[in-house]
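In case you want the letters, here they are:
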Amino acid sequence: MVRVSRLVGWTRRRGEPVRVQIVLFDGVEEQDFIAPVEVLGLAGKMGAALTTTLVSTAKPGTVTCMHGTRVEVPNGWSPPDADVLIVPGGGYNNRTGPGVHRLIADKGFLARLAASKALPVGICTGVMVLSAAGLTRGRPATTHAGAKADLAAQGATLVNARVVDDGTLITGGGITSGLEVALWLVERFIGANQAQRVETVLEYERRGSVWRSS
């Protein structure tokens with residue numbers, strides 16, 4: 001039996017896990033991606049039907065994060081292998097160094113991102129990469145406070161919420177919003193009880209609000 005999601009444009013057989021990929025790149029903000037790794041990884045270990053994979057924008061290799069952490073990324077991004085694609089932010093104020101601006105300048109990557117059938121999820125200034133790919137134009141979205149004016153100028157409908165879920169697009173505002181975004185993903189795809197269990201183990205209480213389109 002095939003279950004078709006009307007929200008995200010992908011199909012999976014009942015019982016198959018939700019496949020989440022998190023894109024890493026030089027200059028990525030550590031907190032932006034490690035919060036989803038922790039939340040989704042814990043949910044998976046607690047029995048949730050989801051998998052989490054770190055992927056690079058191109059070929060596998062070592063990524064140097066914003067604060068110098070080096071992460072070995074064993075997988076390149078394979079769009080057909082993801083149901084959910086998380087794009088973290090980092091380095092938005094440094095237009096010539098490593099960070100999201102290099103992704104924004106990579107027209108090939110943006111074209112692949114725009115064509116992907118995976119649910120795009122932007123965290124902090126990773127939302128600006130989604131914007132550059134045309135995924136936020138005319139859509140409710142949020143991002144880091146320092147980039148909200150740019151996001152609105154590029155055509156998004158700015159929503160001042162911690163998490164904005166517009167069905168086929170999810171965005172989170174702020175560096176630590178990866179916690180709320182990931183917990184919301186667990187709630188949306190697995191269930192509120194599972195998300196609450198993860199919160200309890202992490203000893204973390206979600207903050208802010210989740211804005212959902214009607």
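- Under an unreviewed UniProt entry, the name given to the protein is AraC family transcriptional regulator, and the organism recorded is Kibdelosporangium phytohabitans.

Remarks on the sheet that holds strand β8 (residues 119-123)
So, step 1. Strand order in the open sheet formed by seven strands is β4-β3-β7-β8-β12-β11-β13, with mixed pairing between adjacent strands. With partners counted over all chains shown, the strands left at the sheet margins are β4 (50-56) and β13 (210-212), one partner each. Across the sheet, the axes of successive neighbouring strands diverge by a mean angle of 15°, strand direction being ignored.
So, step 2. For strand β3 (residues 18-24) and β4, the ladder comprises seven bridges, and the chain directions are parallel. From the neighbouring strand, Leu 24 faces β4, where its bridge partner is Ser 56.
So, step 3. Along the sheet, helix α6 (residues 177-189) makes contact with β3, β7 (84-87), β8, β11 (163-165), β12 (170-172) and β13, crossing β8 at roughly 155°.

Things to note about the UniProt feature "domain: DJ-1/PfpI" (unreviewed entry) in the protein
So, step 1. Residues given the UniProt feature "domain: DJ-1/PfpI" (unreviewed entry) here are residues 19-187.
So, step 2. Its end C-alpha atoms 15 Å apart, residues 19-187 is made of 33% helix and 24% strand.

Side note on the pattern of salt bridges
So, step 1. Scanning the model with the defined rule gives six salt bridges in all.
So, step 2. With a shortest N-O distance of 2.6 Å, Asp 166 and Arg 139 are connected by a salt bridge. Note that Asp 166 is positioned in the loop between β11 and β12 and Arg 139 in the loop between α4 (126-132) and β9 (140-141), a separation of 27 residues in sequence. The exposure classification of Asp 166 matches that of Arg 139, with both residues buried.
So, step 3. One connected set of salt bridges, linked through shared partners, spans Glu 187, Glu 199 and Arg 206.

Structural notes on the pairing of strand β6 (residues 70-73)
So, step 1. The alternating pattern of β6 places Val 71 and Val 73 on a buried face and Arg 70 and Glu 72 on a face that is not buried.
So, step 2. Sheet analysis places strand β5 (residues 61-64) next to β6, joined by four bridges and oriented antiparallel. Looking at β6, one finds that Thr 62 is bridged to Glu 72.
So, step 3. Between β5 and β6, which pair antiparallel in sequence order, lie five residues; one of them, Gly 68, sits at a positive phi of approximately 95°.

Looking at the confidence of the model for the protein
So, step 1. Here the protein averages 93 in pLDDT, while 93% of its residues score no lower than 70.
So, step 2. Counted against residues more than four places away or in other chains, residues 1-10, with its pLDDT under 50, gives 26 contacts.

Conventions and cut-offs
Residues numbered from 1 in each chain as written. Predicted model: local features only at pLDDT ≥ 70, side-chain atom pairs only at ≥ 80, totals over all residues. Heavy atoms only, no water. Pairing = 2+ DSSP bridges. Helix = DSSP H or I, 4+ residues; strand = E, 2+ residues; numbered from the N terminus. Axes fitted to C-alpha atoms, helices over the stretch in contact; angles between N-to-C directions. Contact = heavy atoms within 4.5 Å. UniProt positions renumbered as here; feature names shortened; annotations may be inferred. Salt bridge = Lys/Arg side-chain N within 4 Å of Asp/Glu carboxyl O. Buried < 20%, exposed > 50% of the residue type's maximum accessible area, 1.4 Å probe, protein only. pLDDT = per-residue confidence, 0-100.

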